[in-house]
Amino acid sequence: MTLLTLAKLPVNAKQAVRTFDYDLVVIGGGSGGLACSKEAAQLGQKVAVLDYVEPSVKGTKWGIGGTCVNVGCIPKKLMHQAALLGTALKDAQKYEQWKPAVQNHVRSLNWGHRVQLQDKEVKYLNVKGSLLDEHTVKGSTRTGKEIMLTAKNIVIATGGRPKYPTHIPGAVEHGITSDDIFWLKESPGKTLVVGASYVALECAGFLTGIGLETTVMVRSIPLRGFDQQMAGLVTDYMEAYGTKFSWRSVPKSVDKLSSGVLQVTWTDEQTGKDQRDTFDSVLWAVGRAPETKTLGLEKVGVKLNKESGKILVAADESTSVPNIYAFGDIGEGRPELTPTAIKAGKLLARRLAGQTNELMNYDNVATTVFTPLEYGCVGLSEEEAESRHGKDSIEVYHAFYKPLEFTVAERDASQCYIKVVCKRGGDQRILGLHFTGPNAGEVTQGFAMGFQCGATLTHLKETVGIHPTCAEELTKVNVSKRSGLDATVTGC
């Protein structure tokens, strides 16, 4: 075929006759990117993964080639569980004891990923990827060497990194983030956690749990986007068990004193006055920024949300440029959850391989906050249900219960609570399910499947509970908020 003949062909026909180095190139070696690449290779696609992330401000490097594989979930849960178990060691010794265990577990996971990529014949390249056009990726090594790869399809799954509030003097120079907390040379000591996201509360929870004096600085509300009654129970429990909270406070500066400690100045918005205190560590948990700035997206026409910096994506994860896709944390409006990215990545790989047309269902994705009192949920918060359906069109059933494991230990169970938000009338379809208590993730995961099947309150009540468990209480919930009756569970 001559060049003149090729030029006259329609775009699809040109692509059909053009040869590429790979069927799929994935930029980003996090959990989602790896899941996508391995699934595509398993379906017979020729795949390459470009995995490179700049170290954090403090030099921390995670994952296979720096990417934050499993940073968000596994290390924090490991420390959370370790804190619950407790030891007779002193606080600093606890950190020194558990830190290498967490690091070694993450390293073992990343080694497992490398082995799986080899087994599935996925080409792994520890280079920084950027786009040249809809079929070409440039890879740059740390030494400046460049390689070019062409692909029928390109997938971007670079995720995000913790943000620093660069407008606050001393924040970057003297602060750390959740990327660094497991890799410090010594115990963080007395710690200020700035922010009230699930990352902030989880970090503060396990730091308190291992005996470190910990304060959480909250500008507005805790766990924004979650049910606020449940969020209040989580923070109440944390306060009762030793975590301090500085409410409606805005940090102004961080200064390192001659003694080595950090002096933090903040404004108490309730009084309008400035306050000061000293800490050994300041951990910023004020959100995450998408890793999109160095990808060359705008040069090839990939549209971004100017405010968030995230990529605008359609229901099938396609971007504004043909043959370029994006999913996970960098997709505008997508949940920042590892299992969601993994599932979306696998489905995208199957669609690109022509195996299915199934799209990712982002509704009713279950999640759990691994705070000292765990909080699991799936579906709508009470506030969101009211906003969508109207207060008179929903019914909220609830119960305060006492976990069996709290009884012998004589632990306070006043924040152990269940809430089931239903559509009022008819079969009372369940709109949201919320649970605070031990093993909330395990409980919520099981009930989450019911949401995919259109679970109703009748289905829940017809389910026979397993005795004696906390999950059993969900099958017995029968008191509505509207009734005004006492929702405390009594008896066995």
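Residues numbered from 1 in each chain as written. Predicted model: local features only at pLDDT ≥ 70, side-chain atom pairs only at ≥ 80, totals over all residues. Heavy atoms only, no water.

As annotated in an unreviewed UniProt entry, the chain carries the name thioredoxin-disulfide reductase (NADPH) and comes from Oncorhynchus mykiss. Under the UniProt heading Sequence similarities (unreviewed entry), the note attached to the chain is "Belongs to the class-I pyridine nucleotide-disulfide oxidoreductase family." (UniProt positions renumbered as here; feature names shortened; annotations may be inferred.)

Caption draft 1: Representation of the confidence of the model for the chain in the model. On average, residues of the chain carry a pLDDT of 91, and 89% of them reach 70 or more. Note that pLDDT drops below 50 for residues 62-71; the model gives that stretch 46 contacts with residues more than four away or on any other chain. (pLDDT = per-residue confidence, 0-100. Contact = heavy atoms within 4.5 Å.)

Caption draft 2: Up close: empty space enclosed by the protein. In the structure shown here, the tally under the stated rule is 1 cavity of 30 Å³ or more. What the largest cavity holds in volume is close to 30 Å³. Lining of the largest cavity is provided by G160, R288, A289, P290, K310, D329 and E336. Ranked by residues supplied to the lining of the largest cavity, first place goes to strand β15 (residues 288-290) with 3 residues. In terms of residue class, the lining of the largest cavity is made up of 2 nonpolar, 1 polar and 4 charged. (1 Å grid on protein atoms, 1.4 Å probe; cavity = no way out; pocket = protein on both sides within 12 Å on 5 of 7 lines; lining within 4 Å. Points joined across faces, edges and corners; volume = space filled by probe spheres on them. Helix = DSSP H or I, 4+ residues; strand = E, 2+ residues; numbered from the N terminus. Nonpolar A, V, L, I, M, F, W, Y, C, P; charged D, E, K, R; others polar.)

Caption draft 3: Up close: the nonpolar core. Counting residues in hydrophobic clusters, the biggest one holds 34 residues, and the most contacted among them are I181, L201, L223, L283 and Y375. Within the residue set of this core, elements represented by two or more residues are α5 (91-119), α7 (198-209), β9 (214-218), α8 (228-240) and β18 (375-379). Of all the elements, α7 adds the most residues to this core, at 7 residues. When near neighbours in sequence (up to four residues on either side) are disregarded, Y375 contacts L223, F226, D227, M230, V234, T367, T368, V369, H434, F435, T436 and A440. With 26 residues, the next largest nonpolar core counts I418, C422, F435 and A440 among its residues. (Core = buried A, V, L, I, M, F, W, Y, C linked by side-chain atoms within 4.5 Å. Buried < 20%, exposed > 50% of the residue type's maximum accessible area, 1.4 Å probe, protein only.)

Caption draft 4: Fine view of the packing of α7 against α8. At a closest axis distance of 11 Å, the pairing of α7 and α8 adopts a crossing angle of 25 degrees. With respect to their mutual orientation, α7 and α8 come out roughly parallel. When the axes of α7 and α8 are compared, the crossing they make is left-handed. Contact with α7, carried on its side by L201, A204 and G205, involves V234, T235 and M238 of α8 and no other residues of that element. Looking at the contact of α7 with α8, its residues break down into 4 nonpolar, 2 polar and no charged. (Axes fitted to C-alpha atoms, helices over the stretch in contact; angles between N-to-C directions. Parallel < 35°, antiparallel > 145°, perpendicular 65-115°, else oblique. Left-handed = near helix turned anticlockwise from the far one by under 90°.)

Caption draft 5: Region of the structure containing the sheet that holds strand β11 (residues 249-256). One open sheet holds the 3 strands; their spatial order is β11-β12-β13, and the pairing between them is antiparallel. Two strands bound the open sheet, and with one partner strand each, they are β11 and β13 (273-279). Neighbour-to-neighbour, the strand axes of this sheet turn through a mean angle of 25 degrees, independent of strand direction. In this structure, strand β12 (residues 262-268) lies alongside β13, joined through 7 bridges in antiparallel fashion. When the sheet's bridge partners are listed, L262 is paired in β13 with F279. (Pairing = 2+ DSSP bridges.)

Caption draft 6: Broad picture of the environment of L125. Mapped onto the fold, L125 is located in strand β3 (residues 123-125). Separated by 77 residues in sequence, L125 and A48 place their C-alpha atoms 7.3 Å apart. Sequence-distant contacts of L125, defined by excluding residues within four places in its chain, comprise V49, L50, D51, I147 and L149.

Caption draft 7: Spotlight on the pairing of strand β14 (residues 281-284). Of the two faces of β14, the one carrying S281 and L283 and the one carrying V282 and W284 are both buried. Strand direction decides the pairing type here: strand β8 (residues 191-194) and β14, joined by 4 bridges, are parallel. From the neighbouring strand, L192 faces β14, where its bridge partner is V282.

Caption draft 8: Here's a closer look at the environment of A240. Looking at the element boundaries, A240 is found in helix α8. Residues A240 and D412, 172 residues apart in the sequence, show an inter-C-alpha distance of 9.1 Å.

Caption draft 9: Structural detail: the side chain of S381. As for its position among the elements, S381 is in the loop between β18 and α11 (382-389). Of the residues examined, S381 reaches a relative accessible area of 10% and is grouped as buried. A distance of 3.0 Å separates the side chain of S381 from the backbone nitrogen of E384, its partner in a polar contact. Sequence-distant contacts of S381, defined by excluding residues within four places in its chain, comprise F226, D227 and H434. (Polar contact = N/O pair within 3.5 Å; in protein donor to acceptor, adjacent residues only side chain to side chain.)

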